[in-house]
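An overview of the molecular structure
What follows is the residue order along each chain.
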Amino acid sequence: MEAVEFDDILDDWFIESLKTYKDLHVYQLEHPTQVIEWTSEKTVCVTGYSLSKNEILELRLPLKLFADENKGLCAERDFKVAHGGFTDGPVRRLRHIPGTRCVVTNDGLSSDLQVWDLGGDDSDVIRRTGSIAGRRNVSERGSRIAARLSSPPQVLHGAQSSDVQLTELTSGRTLYKLETDSTDPLSFLQFVSDTVFLAGCCNGSVYVTDTRTSAAPQLSPPPASSGDSVLWWADASVGPHPSSCRVVRLSSSGQAVVSDLRSLGGGAVCQAQLDVQERCCNLDHIRVSWAPTLDDCISVSGFSGVVQIYNTCGWSMELQERQPLFQHRGHVVSSQQTDDSTPVFTTAHIWHPERPRTLLSAASDGSVHVWDWVDPEQSAAGSPIPRT
Amino acid sequence: NMPEINVTPLGAGQDVGRSCILVSIGGKNIMLDCGMHMGYNDDRRFPDFSYITQNGRLTDFLDCVIISHFHLDHCGALPYMSEMVGYDGPIYMTHPTKAICPILLEDFRKITVDKKGETNFFTSQMIKDCMKKVVPLNLHQTVQVDDELEIKAYYAGHVLGAAMVHIKVGSESVVYTVSVNKYAKSHISAWIDKCRPDILISESTYATTIRDSKRCRERDFLKKVHETIERGGKVLIPVFALGRAQELCILLETFWERMNLKAPIYFSTGLTEKANHYYKLFITWTNQKIRKTFVQRNMFEFKHIKAFDRSYADNPGPMVVFATPGMLHAGQSLQIFKKWAGNEKNMVIMPGYCVQGTIGHKILNGQRKLEMEGRATLDVKLQVEYMSFSAHADAKGIMQLIRMAEPRNMLLVHGEAVKMEFLKGKIEQEFSIDCYMPANGETATVTTNPSVPVDISLNLLKREMALGGPLPDPKKPRTMHGTLIMKENSLKLVSSEQALKELGLNEHQLRFTCRVQLQDPHSDPDTLHRIYTHLKSVLKGYTIQHLPDGTVMVESIVIKVSSSAEDTNAKVLLLSWSYQGGEYFFTALCIVKRLMYQ
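Quick caveat: nothing in here was measured; it's all calculated off a predicted structure.

**Quick notes on the overall build of chain A**
Helix and strand content of chain A: 2 helices and 29 strands. Against the 2.2 N^0.38 benchmark of 21 Å for 388 residues, chain A shows a C-alpha radius of gyration of 20 Å, consistent with a compact globule. Taken across its 388 residues, chain A has 60% of its residues classed as buried. At a minimum sequence separation of 6, the contacts of chain A that also span at least 24 residues come to 51%. For chain A, the accessible area works out to roughly 16200 Å², and carbon and sulfur atoms hold 49% of it. Seen as two clouds, the 33 positive and the 49 negative side-chain charges of chain A have centres 6 Å apart.

What follows is the structure in structure tokens.
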């Protein structure tokens, strides 16, 4: 494509972006990533998912994003590769173990995990230090991984609801096993407190488990929906108490259901039919996430090349169509993909833990964007207010 | 003793600055760049030339100096090196670099001496004397520095006049580049395919960065300008005549047109003249965008951008002004700054690095109160924005460069002590080449494997081909026999017979003999026949012949039988073989010995 033509297409969106984004950064990785994971306040990990060799990179975010008062004096807009390493196979999932310099990965093909040391100041190489066997050898979708701060460090993992276990990182000792009969593949695994975790299945059911008790986990059935072959993903908002935690479940047909953790089995708080504009058939990349500091906001990606933000405040029990509060179309507009047959699609996104409207998103063409969006309803009443 | 190329980055510094690399290749010593470190005020800002010689001039130790582009961290120490340390040999650089260097050096000198009051610094005359030693390079033109050393410059593009340099001595070569832009890359693949340099040397200061897109930087620039204009403020953009000014102008012009903005944009006339002059001179060096604009219309016949008059600075309302000099250290940009600094609605955008001692440097460090001439204080209330548009090669860029150039070895220079194990591993893994990262003052020795071209005679070639087997393949070396004749400056490989003939020598053959005594009462022919039959039965796979002249041949070993003079029942076996047949001798001897004990 001629450079001039390319510029023209970008023009409209870029001109608009002057008003619709406070900040916008566009990067191009050598290889696309399915993972963006915070490893510290200022660093994230990304890694490739091609079938052969891949790189794991720990990137330091540009200084400009952190300079608040003297932001203008900071010209630094680039990511810095702080540490890097090589993997022998694809990496589909990566989780940082809080309180350590370790990350745990899974290739999406088996249920085993690889353990890595990100390295310190003396070396910029990420090295593999070990592995943790999953309970089941072969797994279609690979294992989900979750972790929370603990001493000694532990990792929660599993490919199906029947093989979720909590493993001590260094010794490999199993500390807890989720005992269920069902073998539903997992699409979601998350701690909501030190001892309580949620294991969400692709069919939409969620197990609520307390590792302190030996009692059976609470099982919340899938939300009512039309369509049998619908798949579900979920995310839980973590508040000061587990009781204030809310769970959003998102289906492959774009139905979003919000429930309280307390009454997960009882019924939804509200729901909506999202305008996801599904373009791609491979649904491995669907992500739904609560905004960490904006009340009631969720973000959705993976259906196409767009990342959408929805405000759930004002949703009702009726399954109504809702429009997103904001859409990040950057990956579609500035796609570097030469193969027109497969449109670009988003592979991952995360929120900045403190800056209310800053997100990082990645797409199948290797692009990574960091964007701070402007709330179009800011002047209107009822706009999401940051919690802090 | 394998031939080798030595590369030593000189000086000991951190941050960006002080590029100066010494290369020893085929007995020649070349200095690549001679930069100044902008962060130091003492001798640490200069490269450490004591590595070349402890005292005295450098002329005898260097065959040439090559400067890649006009940035001060690549040429800032040149007058110091040539006039204060002492060097009278050639200094090579492209025409644009030659034109721009002295301007920057003089500006820099003025700031350092006048503003900072330094004394041990090069003078204006030294800059002039230094530039007299410069030999300008044209692109793609081979320059013979001497009988053996040749250099050639190629378009690199990261600033006006920037060049990649190809250095060749005999069959060894080195390519040096600071950074390469997209336009240059398409040019590079054309010539770089033909020679795989022994070493590709590149800076790697930004090798571990992943750059934010150019578009986002431009967006930020437009956003800041627009916000200021919308609130009625004025934007000052101090620029160097040949920096980003032209590109930023084109950007603003397009934006103004698109948004239908009315606020005036001014460009100071001094800038216009200089820029016009240089762009006309170096039109082949500018990038596509600028050339397109220049060709379509005169550089500064923009619709929205007009020539500046200093009285305009007092006009009310929003405006944008581009003015020199770039670091706010004197002249028009400083005048305007003084007028506008007190209003918080206004903005100053610094598009580049500012040297210590300048106002630009001070405000970029957050200083809000400035001491001006006559003890007057200036309150800096306007918004200060630092924007970087510089084009440095990032992680991806370096990999692409290596992919295209296909060097046999990679060498990265960055001056920091920070380890880059990951990048080194990445390069070594992907390209299966060694990656060197010498620290300042450390020498990297790269062993080369220079190819020596040799002519081969047609007869010899035909003979080798006739032997069968796979065709000659550079990836699968095969041994062959021949004689190497070195005559004058040529090398020729011929068959041994032809060599002897050419030298007028006779071929001699070496034959060895051995006598073996054997008890055997039979007649000579009978004994011979028995030996023949026996050997034939035990030595399978060998060519054994009973010849009519009364000998037995095992391959090329000849066996004769004669009666012993002393003992009528004894026979003497005479075995003889030529040098090549020796390996069979021991086999034959063993067999014959067995015959003896029968």
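**As for the overall build of chain B**
Helices and strands together make up the secondary structure of chain B, namely 17 helices and 31 strands. Put simply, chain B has 598 residues, and 50% of those count as buried. Long-range pairs, those at least 24 residues apart, make up 69% of the contacts in chain B with a sequence separation of at least 6. Looking at chain B as shown, the accessible area adds up to about 28800 Å², and 51% of this sits on carbon and sulfur atoms.

**Details of unusual backbone geometry**
Residues Ser-151 of chain A and Pro-152 of chain A are joined by a peptide bond in cis, for which omega reads 0°. Position of Pro-152 of chain A among the secondary structure elements: in the loop between strand 10 (144-146) and strand 11 (154-158). Here the amide bond leading from Thr-324 of chain B into Pro-325 of chain B is cis, since omega sits at -5°, within 30 degrees of zero. Even without glycine at this site, Arg-375 of chain B takes up a positive phi of about 65°. Its place among the elements puts Arg-375 of chain B in the loop between strand 18 (369-371) and strand 19 (377-379).

**Brief notes about the sheet that holds strand 26 (residues 490-494) of chain B**
All names here are of chain B. If you walk across this open sheet you meet the 3 strands as 24-26-25, and the pairing is mixed. Looking at which strands have only one partner, the edges of the open sheet turn out to be strand 24 (455-456) and strand 25 (483-487). Sheet topology note: the strand 25/strand 26 ladder contains 5 bridges and is antiparallel. Among the inter-strand pairings, Lys-487 is bridged to a residue of strand 26, identified as Ser-490.

**Let's talk about the nonpolar core**
All names here are of chain B. Membership of the largest hydrophobic core comes to 117 residues, with the highest contact counts inside it found for Met-31, Phe-49, Ile-201, Phe-337, Ile-363 and Ile-427. Ignoring sequence-local partners within four residues, the contact set of Ile-427 consists of Met-399, Ile-402, Met-410, Leu-412, Ser-432, Ile-433 and Cys-435. Residues Ile-229, Ala-245, Phe-255 and Leu-261 belong to the second largest nonpolar core, which totals 29 residues.

**Let's talk about the packing of helix 12 (residues 395-405) of chain B against helix 13 (residues 421-431) of chain B**
All names here are of chain B. One way to put it is that helix 12 packs onto helix 13 with a least axis distance of 11 Å and a crossing angle of 30°. When the axis of helix 12 is compared with that of helix 13, the two are roughly parallel. Our pair here, helix 12 against helix 13, has a crossing hand that is right-handed. When helix 12 is examined against helix 13, the residues Met-399, Ile-402 and Arg-403 are found in contact with a partner set consisting of Leu-423, Lys-426, Ile-427, Glu-430 and Phe-431. Across the contact of helix 12 with helix 13, the residue classes break down as 5 nonpolar, no polar and 3 charged.

**Let's talk about the pairing of strand 3 (residues 43-47) of chain A**
All names here are of chain A. A large share of strand 3 lies buried, amounting to 5 of its 5 residues. Here strand 3 shows a buried face lined by Thr-43, Cys-45 and Thr-47 and a second buried face lined by Val-44 and Val-46. Sheet analysis places strand 2 (residues 37-38) next to strand 3, joined by 2 bridges and oriented antiparallel. Residue pairing in the sheet places Glu-37 in a bridge with Cys-45 of strand 3. Examined bridge by bridge, strand 3 and strand 4 (residues 54-60) share 5 bridges and lie antiparallel to one another.

**Considerations on a nonpolar patch on the surface**
All names here are of chain B. A contiguous nonpolar patch, built from Ile-456, Leu-458, Leu-461, Met-465 and Met-480 and spanning about 420 Å² of accessible area, is present on the exposed surface. Looking at the nonpolar patch, the element that brings in the most residues is helix 14 (residues 458-466), giving 3 residues. In this fold, Met-465 is placed in helix 14.

**Looking at the side chain of Gln-190 of chain A**
Residues and elements named next belong to chain A. Its location among the elements puts Gln-190 in strand 14 (residues 186-191). Judged by relative accessible area, which is 15%, Gln-190 ranks as buried. In terms of polar contacts, Gln-190 uses its side chain to reach the backbone carbonyl oxygen of Ala-236, at 3.0 Å. Not counting the four nearest positions on each side in its chain, Gln-190 is found in contact with Ala-146, Val-196, Phe-197, Leu-198, Asp-235, Ala-236 and Val-238.

**Concerning the sheet that holds strand 4 (residues 64-66) of chain B**
Residue and element names in this part refer to chain B. With respect to topology, 7 strands assemble into an open sheet ordered 6-5-4-3-2-1-23, the strand pairing being mixed. Edge positions in the sheet fall to strand 6 (134-137) and strand 23 (444-447), since each of these pairs with one other strand and no more. This sheet shows a mean twist of 25° between the axes of neighbouring strands, independent of strand direction. Judged from the 3 bridges that link them, strand 3 (residues 28-32) and strand 4 form a sheet pairing that is parallel. By the bridge assignment for strand 4, Ile-30 is matched with Cys-64.

**Considering the environment of Glu-464 of chain B**
Residues and elements named next belong to chain B. Residue placement: Glu-464 occurs in helix 14. Separated by 341 residues in the primary sequence, Glu-464 and Thr-123 have C-alpha atoms spaced 68 Å apart. Those residues in contact with Glu-464, other than ones at most four positions away along the chain, are Arg-478, Thr-479, Met-480 and His-481.

**Looking at the state of the cysteines**
Using the criterion set out here, one finds 0 disulfides over all chains in the structure. Its sulfur unpaired, Cys-249 of chain B is 18 Å from the next cysteine sulfur, which belongs to Cys-354 of chain B.

**Topic: the packing of aromatic side chains**
All names here are of chain A. Evaluated as defined, the whole model comprises 20 aromatic pairs over all chains. For the pair Tyr-27 and Phe-79, a centre-to-centre distance of 4.2 Å together with 35° between the ring planes defines the contact as tilted. Separated by 52 residues along the polypeptide, Tyr-27 in strand 1 (residues 21-28) and Phe-79 in strand 5 (residues 79-87) bring together distant segments of the chain. Of the two residues, Tyr-27 and Phe-79, both sit in the buried class. Here the aromatic cluster, defined as three or more aromatic residues joined through ring pairs, consists of Trp-13, Phe-14, Tyr-21, Phe-326, Trp-371 and Trp-373. Taking NZ or CZ as reference, Lys-42 lies 5.1 Å from the ring centre of Phe-66, over its face. In this structure, Arg-357 is placed above the aromatic ring of Trp-373, and the distance from its NZ or CZ to the ring centre is 5.6 Å.

**Topic: empty space enclosed by the protein**
For the coordinates displayed, the defined rule picks out 8 cavities of 30 Å³ or more. Taken as a whole, the largest cavity encloses approximately 240 Å³ of empty space. Lining of the largest cavity is provided by 21 residues; of these, Glu-30, Glu-55 and Leu-57 of chain A together with Ile-210 and Lys-426 of chain B occupy positions nearest its centre. Breaking the lining of the largest cavity down by element, the ones donating at least two residues are strand 3 and strand 4 of chain A together with helix 12 and helix 13 of chain B. Across the lining of the largest cavity, the residue classes break down as 9 nonpolar, 7 polar and 5 charged.

The rules behind the values
- Just so you know, the residues in each chain are numbered from 1, in the order the chain's sequence is written.
- The naming scheme follows written order: chains are lettered A onward, ligands numbered 1 onward.
- With the structure being a predicted model, the display of local features is reserved for residues of pLDDT at least 70 and the display and counting of side-chain atom pairs for 80 or more, all residues being used for whole-chain, interface and lining totals.
- Working from all heavy atoms in the structure, the side-chain values ignore hydrogens and water.
- The secondary structure listing takes helices from DSSP runs of H or I that are at least 4 residues long and strands from runs of E that are at least 2 residues long, numbered from the N terminus.
- When we talk radius of gyration, it's over C-alpha atoms, and the globule rule is simply 2.2 Å times the number of residues to the 0.38.
- Each residue is assigned to one of three classes by its accessible area relative to the maximum for its type, calculated with a 1.4 Å probe on protein chains only: buried under 20%, partly exposed between the two thresholds, exposed over 50%.
- The contact definition used throughout considers only heavy atoms, calling two residues in contact when any of these lie within 4.5 Å.
- All accessible areas in this document rest on Shrake-Rupley with a 1.4 Å probe, and a residue is counted as covered only by the protein chains that are shown.
- We treat Lys and Arg as the positive residues and Asp and Glu as the negative residues; His and chain ends play no part in the count.
- Every charge is mapped to an atom, namely NZ of Lys, CZ of Arg, CG of Asp or CD of Glu.
- Following DSSP output, two strands are said to pair if at least two bridges run between them.
- Side-chain atoms within 4.5 Å link the members of a nonpolar core, which is a set of buried Ala, Val, Leu, Ile, Met, Phe, Trp, Tyr and Cys residues.
- Here the axes come from fitting lines to C-alpha atoms, over the contacting stretch only for helices, and the angles between their N-to-C directions go from 0 to 180 degrees.
- For classification, angles of less than 35 degrees are called roughly parallel, those exceeding 145 degrees roughly antiparallel, those between 65 and 115 degrees roughly perpendicular, and all remaining angles oblique.
- Left-handed describes a crossing whose near helix is turned anticlockwise from the far helix through less than a right angle; right-handed describes the clockwise counterpart.
- Think of it as three bins: nonpolar holds Ala, Val, Leu, Ile, Met, Phe, Trp, Tyr, Cys and Pro, charged holds Asp, Glu, Lys and Arg, and polar takes everything else, Gly as well.
- A patch consists of residues whose relative accessible area exceeds 30% and which take part in no salt bridge; residues with like charges are grouped when within 9 Å of each other, and nonpolar side chains (Val, Leu, Ile, Met, Phe, Trp, Tyr) when within 5 Å.
- A pairing counts as a salt bridge when a side-chain nitrogen of Lys or Arg comes within 4 Å of a carboxyl oxygen of Asp or Glu.
- Here a polar contact is recorded for every N or O atom pair within 3.5 Å, except that within protein the pair must consist of a potential hydrogen donor and a potential acceptor, and residues adjacent in sequence are included only if both atoms are side-chain atoms.
- The disulfide criterion is simple: two cysteine sulfur atoms within 2.5 Å.
- Here a pair means two rings of Phe, Tyr or Trp (six-membered ring of Trp) with centres within 6.5 Å. Their orientation is stacked below 30 degrees between planes, edge-to-face above 60, and tilted elsewhere.
- As a reminder, the over-ring test applies to NZ of lysine and CZ of arginine, requiring each to be within 6 Å of the ring centre and within 35 degrees of the ring normal.
- Think of a 1 Å grid over just the protein atoms. A cavity is a set of points where a 1.4 Å probe fits yet cannot get out, a pocket is an open set with protein on both sides within 12 Å along at least five of seven lines, and lining residues have an atom within 4 Å of a point.
- Grid points are joined across faces, edges and corners, and a volume is the space filled by probe spheres set on the points.

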